[in-house]
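Commentary on secondary and tertiary structure
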Amino acid sequence: MAATLRIQSDWSRALSRDEGEAWLSCRSPGKPTLYGSVTRRGLSSDGVPDIVASEGFVVGEVTKKSILISCPHENVSTKFLAPYTTFCRIHQKSITCLDISSGGGLGVSTSTDGTMKIWQAANGEIRRLLEGHVYDVNCCRFFPSGLVVLSGGMDAQLKVWSAEDASCVVTFKGHKGGILDTAIVDRGRNVLSCSRDGSARLWDCGKSACLGVIADCGSPVNGIAVGTADNSLNLGTPEKPPSEREVGTEGKILLLAREDKKLQGVGLQSRQPVFLFVGSDAFNCCTFLSSTYILAGTQDGNIYQLDVRNTNTPIQVIHRSGAPVLSLLPYRDGFIASQGN
């Protein structure tokens, strides 16, 4: 288990002035945490901050937007990146979910302040306030068109919104508990949701109807992801012919990140189980890296990489800290993970 090097979250602001200081910590499992600091002494001739570290830490490459810091005692180094820009006025409290439209022009986000908002990705200007859920909104995402938003809330309702005028065009009802995550099939004629009630459902946007329960797990489903399955994978056969309203479900596999420490794969069209993997703690999130490789994160900080063709043994288990893994996103040749620390 590797050591983890951290710097206080607002370090770029702390070091924006001469003699500004930011705190460091290096934690290795089973050992006392090492603490230190970095201090700015001024600017070089080309405008790059002159940064020094306290005993036990070494400052490497420094740019206007990044600092490389190492802790030789634990043989660990980390590059810390400053925000490109920061939007402080969209929400008043913690952000729980966000998405960016396919064109990159708009963002949508939900918060513990009880609001869901659409805003300009370029400058953070609020464009629309989406009001209609009764309690907290847990999840939001754009349809591929970038003109429509899908959201799910603790009121057990799934809603489809117009990003242009903030109207709620469809409300799906059927879950018995709060909706925790959603997914969109292809262009969005069908969408998926999962809930605290233990089920995952497929919905028809055109008819505002539930097309079926894809899985009923008996335990809350915290996250889902849909992807095209590897050709060699047996997805099972539907017990009855699928509805003509199902669009794009053939050849797809649905991942279910479950509260009962299980990661499940289900054939989307067949509703048949494909695999069941037991992890170290509740699974919070999951995603596809490709048609073959998947990722899933747990409450105790593990990130599992699995091959869907053989899930008996993980390809690797990544553990940077014991903080819950809250979301996973494929990025270039790797992925981005957010944790609750």
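Definitions and cut-offs
- Residues numbered from 1 in each chain as written.
- Predicted model: local features only at pLDDT ≥ 70, side-chain atom pairs only at ≥ 80, totals over all residues.
- Heavy atoms only, no water.
- UniProt positions renumbered as here; feature names shortened; annotations may be inferred.
- Helix = DSSP H or I, 4+ residues; strand = E, 2+ residues; numbered from the N terminus.
- Buried < 20%, exposed > 50% of the residue type's maximum accessible area, 1.4 Å probe, protein only.
- Polar contact = N/O pair within 3.5 Å; in protein donor to acceptor, adjacent residues only side chain to side chain.
- Core = buried A, V, L, I, M, F, W, Y, C linked by side-chain atoms within 4.5 Å.
- Contact = heavy atoms within 4.5 Å.
- Pairing = 2+ DSSP bridges.
- Axes fitted to C-alpha atoms, helices over the stretch in contact; angles between N-to-C directions.

The protein carries the name PAAF1 factor in an unreviewed UniProt entry, which gives Pomatostomus ruficeps as its organism. Regarding the protein, the relevant UniProt record gives this comment under Sequence similarities (unreviewed entry): "Belongs to the WD repeat PAAF1/RPN14 family."

**Considerations on the UniProt feature "repeat: WD" (unreviewed entry) in the protein**
Mapped onto the present numbering, the UniProt feature "repeat: WD" (unreviewed entry) falls at residues 88-129, 130-171 and 172-204. With 0% helix and 50% strand, the stretch residues 88-129 has end C-alpha atoms that lie 16 Å from each other. From the first C-alpha to the last, residues 130-171 spans 13 Å; its make-up is 0% helix and 52% strand.

**A short note on the side chain of Thr298**
Looking at the element boundaries, Thr298 is found in strand E25 (residues 293-298). With a relative accessible area of 0%, Thr298 lands in the buried category. For Thr298, the side chain forms a polar contact with the side chain of Asp300, separated by 2.6 Å.

**As for the nonpolar core**
With 25 residues, the main nonpolar core has Val108, Leu130, Phe172 and Val191 as its most contacted residues. Listed by contribution, the elements that provide at least two residues to this core are strand E9 (106-111), strand E10 (116-120), strand E12 (137-142), strand E13 (148-153), strand E14 (157-162), strand E15 (168-173) and strand E16 (179-185). For this core, the leading source of residues is E12, giving four residues. Beyond its immediate chain neighbours, meaning those up to four positions away, Val108 contacts Cys97, Leu98, Asp99, Met116, Lys117, Ile118, Trp119, Leu130, Cys140, Phe142 and Val149. By size, the runner-up hydrophobic cluster in this structure holds 20 residues, among which are Ile51, Val62, Cys71 and Ala82.

**Quick look at the pairing of strand E28 (residues 325-331)**
Of the strand pairs in this sheet, E28 and strand E29 (residues 334-339) are connected by six bridges, and their pairing is antiparallel. Residue Ser327 lies in a different strand from E29, and its bridge partner there is Ser338. Where E28 folds back onto E29 in an antiparallel hairpin, the turn is made up of two residues, including Arg332, whose phi is positive at roughly 50 degrees.

**Notes on the sheet that holds strand E19 (residues 209-216)**
Within the open sheet, the four strands sit side by side as E16-E17-E18-E19. Their pairing is antiparallel. Each edge of the open sheet is held by one strand with a lone partner, namely E16 and E19. Averaged over neighbouring strand pairs, the angle between their axes works out to 20 degrees when direction is ignored. Of the strand pairs in this sheet, strand E17 (residues 190-195) and strand E18 (residues 199-204) are connected by five bridges, and their pairing is antiparallel. If you follow Asn190 over to E18, its bridge partner there is Asp204.

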